[in-house]
Each structure stands twice: as C-alpha cells, then as structure tokens.
Amino acid sequence: MTAAALTYLDSPGAAWADVCARHVEIVAAQAAAGRGENVEDTSDVYEGMRYSRDQVSTAVNAAVDDSAQTVRQQHADDIDNLVVNAVLTLLVHPDASFADIVEECYGGEDADAVTDLEVVLS
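Rules used throughout
- Residues numbered from 1 in each chain as written.
- Predicted model: local features only at pLDDT ≥ 70, side-chain atom pairs only at ≥ 80, totals over all residues.
- Heavy atoms only, no water.
- Helix = DSSP H or I, 4+ residues; strand = E, 2+ residues; numbered from the N terminus.
- Buried < 20%, exposed > 50% of the residue type's maximum accessible area, 1.4 Å probe, protein only.
- Contact = heavy atoms within 4.5 Å.
- Areas by Shrake-Rupley, 256 points an atom, 1.4 Å probe, with all protein chains shown as cover.
- Core = buried A, V, L, I, M, F, W, Y, C linked by side-chain atoms within 4.5 Å.
- Expected span 1.5 Å × (residues − 1).
- Arc of directions from axis to C-beta.
- Axes fitted to C-alpha atoms, helices over the stretch in contact; angles between N-to-C directions.
- Parallel < 35°, antiparallel > 145°, perpendicular 65-115°, else oblique.
- Left-handed = near helix turned anticlockwise from the far one by under 90°.
- Nonpolar A, V, L, I, M, F, W, Y, C, P; charged D, E, K, R; others polar.
- pLDDT = per-residue confidence, 0-100.

### Describing the overall build of the chain
Okay, so step 1: Summing up its helical and strand segments, the chain has 6 helices and 0 strands in all.
Okay, so step 2: When the helices and strands of the chain are listed from N to C terminus, the series reads α-α-α-α-α-α.
Okay, so step 3: Looking at the chain as a whole, 24% of its 122 residues are labelled buried.
Okay, so step 4: Residue pairs in contact within the chain that sit at least 24 positions apart in sequence constitute 45% of those at least 6 positions apart.
Okay, so step 5: For the chain, the accessible area works out to roughly 8,000 Å², and carbon and sulfur atoms hold 53% of it.

### Looking at the nonpolar core
Okay, so step 1: In terms of nonpolar packing, the biggest core is built from 13 residues, with Ala4, Tyr8, Val19, Val60, Ala63 and Val84 touching the most fellow members.
Okay, so step 2: Contributions of two or more residues to this core are made by helix H1 (2-10), helix H3 (53-71) and helix H4 (78-92).
Okay, so step 3: Per element, the largest residue contribution to this core is 5 residues, and it comes from H3.
Okay, so step 4: With near-sequence residues (within four places) excluded, Ala63 lies in contact with Met1, Ala4, Ala5 and Tyr8.

### Digging into helix H2 (residues 16-34)
Okay, so step 1: In this model H2 runs 27 Å from its N-terminal to its C-terminal C-alpha over 19 residues, within 8% of the 27 Å that 1.5 Å per residue would give.
Okay, so step 2: Among the residues of H2, Val19, Arg22 and Ala32 are the ones counted as buried. Down the axis of H2, the buried side of the element spans an arc of 160 degrees, and every buried residue falls inside it. Exposed side chains of H2 directed beyond 90 degrees from the buried face belong to Ala17, Val24 and Gly34.
Okay, so step 3: Residues of H2 that are buried in the fold lie against H1.

### Regarding the packing of H3 against H4
Okay, so step 1: One way to put it is that H3 packs onto H4 with a least axis distance of 10 Å and a crossing angle of 160 degrees. As far as their axial angle goes, H4 and H3 are roughly antiparallel. You can see that H3 and H4 cross each other, and the crossing is right-handed. Contacts between H3 and H4 pair Arg53, Val56, Ser57, Val60, Asn61, Val64 and Ala68 from the former with Asp80, Val84, Val87, Leu88 and Leu91 from the latter.

### Comments concerning the packing of H1 against H2
Okay, so step 1: H2 packs onto H1 with a crossing angle of 120 degrees between their chain directions and a minimal axis gap of 8 Å. One element, H1, and the other, H2, form an angle in the oblique class. Crossing handedness for the pair H1 and H2: right-handed. Along the contact surface, H1 presents Ala3, Ala4, Leu6, Thr7, Tyr8 and Asp10, while H2 presents Trp16, Asp18, Val19, Arg22, His23 and Ile26.
Okay, so step 2: For the contact of H1 with H2, the residue count by class is 7 nonpolar, 2 polar and 3 charged.

### Here's the deal with the confidence of the model for the chain
Okay, so step 1: Confidence in the prediction for the chain averages 82 pLDDT; 84% of positions are at 70 or higher.
Okay, so step 2: When pLDDT is averaged over each helix and strand of the chain, the minimum, 60, is found for helix H6 (residues 111-121) and the maximum, 91, for H3.
Okay, so step 3: Confidence drops under a pLDDT of 50 for residues 118-122, and excluding neighbours within four residues, the segment shows 6 contacts in the predicted structure.

What follows is the structure in structure tokens.
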C-alpha cells in the first residue's frame, strides 16, 4: 500500500503497473540495505514537496481501495479504514499514539477493543 500511496501522490491517475514498479523499487532498496549495501539516499527527492490533506486523503484512500481489490480481490475492510484514519491523524499529530488515533477516529472507543477487532479481522 505504501507504493500505491506514494505513486498516487505523484500521479493521481497512475496505472496499477506504475504502483507495481514503485513497489519493486522500494523492495530492491530494502533488500540492498538489508545486505549491508550502500543504498542511495533519496530523501532529498521528497524535500520541499508539499501535499494538501485532501491530496493525501485521496491518495491513501485510492491506495487502500486499489490494493484491497488487486491484491486481496475484495473491498477495503475495517483494518484498511483504520490505516487511512491513522495516516490522516498522523498528518496533524505526528507523535500520536495508537490510543490517540483511536480516540480521534473512533469517538472514545477503547484502544484495546479496536486492537481486538484488528486481530479478529486480520
């Protein structure tokens, strides 16, 4: 889903093949780093990039929906929606804990109850 969200931020109308290509790049970089190889630091590529909350919301929702449909052949579920809610909460409150995210997004629901729901659904 990370590759999809990043791809859709750069190009909201991107084809799934573009998402797959981004995923391959991410996995290759992680594998190289895991082997102790020097991996080019690409953090400067994103320096100065700014996206609106709406752009992030659109990209993350599209990534979740398309990933669920393409990878699992089903609609997004409660766990997928939790991911979207967490990303959007963390945009505003980068240091938010899981309990903070649950409080913000699920109106006072107990974090343990949401965790139990997550385990049951996964």
